Amino acid sequence: MTVPPEDPRSAGEFPSVTRERWRELALGVLRKSGVETGSPEEALASTTHDGVTIAPLYDASDLPPDPGLPGRAPYIRGSRARGGWEVRQRHETPDPEAILTDLENGVTSLWLALEPGDLPAALKGVHLDLISVALDAGGRTREAAEALFATAARGGGGGASALTGTLGADPLADPATAAELARRCVADHPGLRAVVVDATPYHDAGGGDAEELGCSLAAGVAALRTLTGAGLQAREAFGQLEFRYAATADQFLTVAKLRAARRLWARVAEECGVPGEPQRQHAVTGSAMMTARDPWVNMLRTTLACFAAGTGGADAVTVQPFDTRLGLPDAFSRRIARNTQSLLVEEAGVARVVDPAGGSFYVERLTEDLAEAAWEWFREIERAGGMAAALASGLVAGRLAATWERRSAAIARRRDPITGVSEFPDLGERPVLRRPRPEREPGEGTGAYPWESVHYAQEYEALRDLADARRERPAVFLATVGPPAAHTARASFAANLFRAGGIATVPGGASTDPEEIAAAFTAAGTPVACLCSSDRLYAEHAEAVAAALRKAGATRIWLAGKGEFEGVDSRLYAGCDALGVLRTTFDDLGVAR
């Protein structure tokens, strides 16, 4: 039956919903769970590692002021009034065959992390007037730019003047090179930008999204000062900058971050007297989230991140191959990386709509909250003397380290789970082997960031490496008390936790007889045991089983679940310090760390 639009039944005859009604229902559920609170919003809210509050519910009252239109200031809804983005693939070796294969199969932009002398060979057969090129030569940026200009001049098709992309200069590391290349781009290469404001090092130090944004603003302003100090007009200086951000599997934060970045940079442009200068963004799937263990799961992470980058309005997107933590990607992983973007653009239609997240109460509020937090951090850096001074004084490093400490604690307790590593690890996975990356000459002007990059999975993976290196894999005995229906849930929980550190588990069968369980423990040949059963059976048998295990030689006895029982040393439970448990178990098993 077709219902006419004026018929009220077209609304589905649902009752009206209000925030107050939601509060009543939420309070009822919380009280049944033993949580006494007068504010369900506060009880159910969460906070990002750098202090941005995520509410449990958003409605129209949370909407900030009008975000404007796509392609118009303040560019929250996109720097252009159309969808789509450049598919940018990274190459670290001068392999012209691989580069041409990428370009023939969906890639429209090359990100070349090569030595300057390798550029001519790498770009053999490439029509540089049809694609964009992003250089990443570190301290040898000047030489790389000269090599690119010379290669383009020999290739025809408009020569060096037709080049588009970015030369990758870093004003914080080498202000002289950045200024010189910017002047040349303005004069002779209108399609090129000289400077990359790379915010990914702040993300890769363990920082949060608001911190990454604030640092990018401060670095961008420092770049403007360098370029205008070298004689460029303010608008010319703005036109020489490309910003690089990390896109993560937290899709909503990534979408909001890119939207907030454009809003904030539009404000900087307005303050500098050059409104109407949108921020150009290059989004890269984040390195910190990538795992070396079970690397196939990285395909899922990068798909989420790529979707978020495209939805958030990035101008160029790079999907890192799933095996990037293991060395140089092979042809298969490069194909999957570029096809991830092709699928989202061509099949999923992500690029058909500009700012598809626009109007979402959650995304609009999160964009505004991120922008406010980032602006305060930016102002703090500016009060400290600007980005260079804040880096030198340790202000930035200290702030990022504090956030990484909070993030590390959440990872250790598996509140921030890592699939395939801290959750559902596969001890039988076959190693994925890749060629090592070539060592690059550092050149001058490197070392601008006084910290080491981190990976969220690094502590678990370090323990896995130690366990795998043993002739015999370390193991823990699971004292499964009672029938499978009683012990399976907690035995699975305990096994999952121990395997996150590369420790095998030996199940003890289904019994409540302490002597039978102790005999199975002795046969397992390990000094560490973990009781697994229901609360009811713990009350009946835990202390007797623990005593029998201790008599049989157990040096440490864990219990999965709740309750204090004589003879039990420690407990495993959801939210416990899993890394602490694993390290203690390594010590108990005599595995050197």
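For the structure given in this document, a descriptive report is provided here. Because the structure is predicted, anything quoted here is derived from the model rather than measured.

1. Re the overall build of the protein
Then, number 1: Scanning the protein from N- to C-terminus turns up 20 helices and 15 strands.
Then, number 2: In summary, the protein has a C-alpha radius of gyration of 28 Å against a globular reference of 25 Å for 593 residues, a match within 12%.
Then, number 3: Overall size of the protein, expressed as C-alpha extent along the three principal axes, is 85 × 70 × 55 Å.
Then, number 4: Out of the 593 residues belonging to the protein, those deemed buried represent 50%.
Then, number 5: A total accessible area of about 26000 Å² is found for the protein, and carbon and sulfur atoms account for 52% of it.
Then, number 6: Charged side chains in the protein number 63 positive and 79 negative. The centres of these two groups are separated by 1 Å.

2. Here's the deal with the packing of aromatic side chains
For any pair of aromatic rings, the description rests on two quantities: the centre-to-centre distance and the angle between the ring planes.
Then, number 1: Under the definition given, this model contains 14 aromatic pairs.
Then, number 2: Taken together, a centroid distance of 5.2 Å and an interplanar angle of 50 degrees make the contact between phenylalanine 238 and tryptophan 265 tilted. Of this pair, phenylalanine 238 sits in helix H9 (residues 234–238) while tryptophan 265 is found in helix H10 (residues 251–271), placing the two residues 27 residues apart along the sequence.
Then, number 3: Take phenylalanine 238: its relative accessible area is 3%, and that puts it in the buried class.
Then, number 4: Here the aromatic residues Phe238, Phe243, Tyr245 and Trp265 are joined through ring pairs into a cluster of three or more.
Then, number 5: Lying across the ring of tryptophan 111, arginine 90 places its NZ or CZ 4.5 Å from the centre.
Then, number 6: The aromatic ring of tryptophan 377 is capped on one face by arginine 399, whose charged end is 4.3 Å from the ring centroid.

3. Quick word on the nonpolar core
Then, number 1: Residues Met387, Val396, Phe498, Cys530 and Leu549 are the most contacted members of the largest nonpolar core, which totals 148 residues.
Then, number 2: Per-element accounting of this core gives the leading share, 11 residues, to helix H8 (residues 209–229).
Then, number 3: Not counting residues up to four positions away in its chain, the partners in contact with phenylalanine 498 are Val476, Ile503, Thr505, Cys530, Trp558, Leu572, Val581, Leu582 and Thr585.

4. Structural notes on the sheet that holds strand E12 (residues 504–507)
Then, number 1: Spatially, E12-E11-E13-E14-E15 is the arrangement adopted by the 5 strands of the open sheet, whose pairing is parallel. Whereas interior strands pair on both sides, the edge strands pair on one side only; in this sheet they are E12 and strand E15 (570–572). Geometrically, the sheet is characterised by an average inter-axis angle of 30 degrees between neighbouring strands, direction not taken into account.
Then, number 2: As judged from the 3 bridges shared by strand E14 (residues 556–560) and E15, these two strands associate in the parallel manner. For tryptophan 558, the partnering residue across the bridge sits in E15 and is serine 570.
Then, number 3: Against the sheet, helix H19 (residues 535–551) makes contact with strand E11 (475–480), strand E13 (528–532) and E14, and its axis sits at roughly 160 degrees relative to E14, the strand it touches most.

5. A short note on the pairing of strand E7 (residues 192–198)
Then, number 1: With 6 of 7 residues buried, E7 lies mostly within the body of the structure.
Then, number 2: Relative to E7, strand E6 (residues 165–169) runs parallel, the two being bridged by 3 bridges. Along E7, the bridge assignment pairs threonine 166 with arginine 193.
Then, number 3: After leaving E6, the chain enters helix H6 (residues 175–188) and then returns to the sheet as E7, a path that is right-handed.
Then, number 4: Here E7 pairs with strand E8 (residues 241–247) via 4 bridges, running parallel.

6. Remarks on helix H3 (residues 96–104)
Then, number 1: Turning to H3, its buried residues number three or more, namely Ala98, Ile99 and Asp102. Projected down its long axis, H3 carries its buried residues within an arc of 100 degrees, all on one side. Exposed residues pointing more than 90 degrees away from the buried face of H3 are listed as Glu97 and Glu104.
Then, number 2: The secondary structure elements touched by the buried residues of H3 are strand E3 (86–91), strand E4 (109–112), helix H4 (119–122) and helix H12 (331–347).
Then, number 3: The backbone nitrogen of glutamate 97 lies 3.2 Å from a side-chain oxygen of the residue at the head of H3, namely aspartate 95.
Then, number 4: Looking at the residues trailing H3, positive phi occurs at glycine 106, about 115 degrees.

7. Points about the environment of phenylalanine 521
Then, number 1: Tracing the chain through its elements places phenylalanine 521 in helix H18 (residues 514–524).
Then, number 2: Remark: the alpha-carbon pair of phenylalanine 521 and threonine 93, spanning 428 residues in sequence, is separated by 53 Å.
Then, number 3: Sequence-distant contacts of phenylalanine 521, that is, excluding residues within four places in its chain, are made with Phe477, Thr526, Pro527, Val528, Ala529, Leu549, Ala552, Gly553 and Ala554.

8. What about the pattern of salt bridges?
Then, number 1: Enumeration according to the criterion identifies 46 salt bridges in this entry.
Then, number 2: Measuring nitrogen to oxygen at the nearest pair gives 2.8 Å for the salt bridge that ties aspartate 468 to arginine 473.
Then, number 3: Classification of arginine 473 by relative accessible area gives partly exposed; the value is 31%.
Then, number 4: Connected via shared salt-bridge partners are Arg19, Glu20, Arg23, Glu41, Asp59 and Asp62.

9. Quick notes on the packing of H10 against helix H11 (residues 298–311)
Then, number 1: Packing of H10 against H11 leaves a shortest axis separation of 8 Å and a crossing angle of 30 degrees. The angle between the axes of H10 and H11 places the two elements in the roughly parallel class. In this structure, H10 crosses over H11, and the sense of that crossing is right-handed. Across the interface between the two elements, Gln251, Thr254, Val255 and Leu258 of H10 pack against Leu304, Phe307, Ala308, Ala309 and Thr311 of H11.
Then, number 2: Residues belonging to the contact of H10 with H11 are distributed by class as follows: 6 nonpolar, 3 polar and no charged.

10. Thoughts on unusual backbone geometry
Then, number 1: Of note, the amide linkage connecting alanine 73 to proline 74 takes the cis form, showing an omega dihedral of 10 degrees.
Then, number 2: Within the secondary structure layout, proline 74 lies in the loop between strand E2 (53–54) and E3.
Then, number 3: Even without being glycine, tyrosine 75 reaches a positive phi, approximately 65 degrees.
Then, number 4: Mapped onto the fold, tyrosine 75 is located in the loop between E2 and E3.
Then, number 5: With phi around 50 degrees, aspartate 355 is a residue other than glycine that occupies positive phi space.
Then, number 6: Here aspartate 355 shows up in the loop between H12 and helix H13 (361–383).

What counts and how
- Residues numbered from 1 in each chain as written.
- Predicted model: local features only at pLDDT ≥ 70, side-chain atom pairs only at ≥ 80, totals over all residues.
- Heavy atoms only, no water.
- Helix = DSSP H or I, 4+ residues; strand = E, 2+ residues; numbered from the N terminus.
- Rg over C-alpha atoms; globule rule 2.2 N^0.38 Å.
- Buried < 20%, exposed > 50% of the residue type's maximum accessible area, 1.4 Å probe, protein only.
- Areas by Shrake-Rupley, 256 points an atom, 1.4 Å probe, with all protein chains shown as cover.
- Lys, Arg positive; Asp, Glu negative; His and termini not counted.
- Charge placed at Lys NZ, Arg CZ, Asp CG, Glu CD.
- Phe/Tyr/Trp six-rings, centres within 6.5 Å; stacked < 30°, edge-to-face > 60°.
- Lys NZ or Arg CZ within 6 Å of the ring centre and 35° of its normal.
- Core = buried A, V, L, I, M, F, W, Y, C linked by side-chain atoms within 4.5 Å.
- Contact = heavy atoms within 4.5 Å.
- Pairing = 2+ DSSP bridges.
- Axes fitted to C-alpha atoms, helices over the stretch in contact; angles between N-to-C directions.
- Right-handed = clockwise from strand over helix to strand, strands pointing away.
- Arc of directions from axis to C-beta.
- Polar contact = N/O pair within 3.5 Å; in protein donor to acceptor, adjacent residues only side chain to side chain.
- Salt bridge = Lys/Arg side-chain N within 4 Å of Asp/Glu carboxyl O.
- Parallel < 35°, antiparallel > 145°, perpendicular 65-115°, else oblique.
- Left-handed = near helix turned anticlockwise from the far one by under 90°.
- Nonpolar A, V, L, I, M, F, W, Y, C, P; charged D, E, K, R; others polar.

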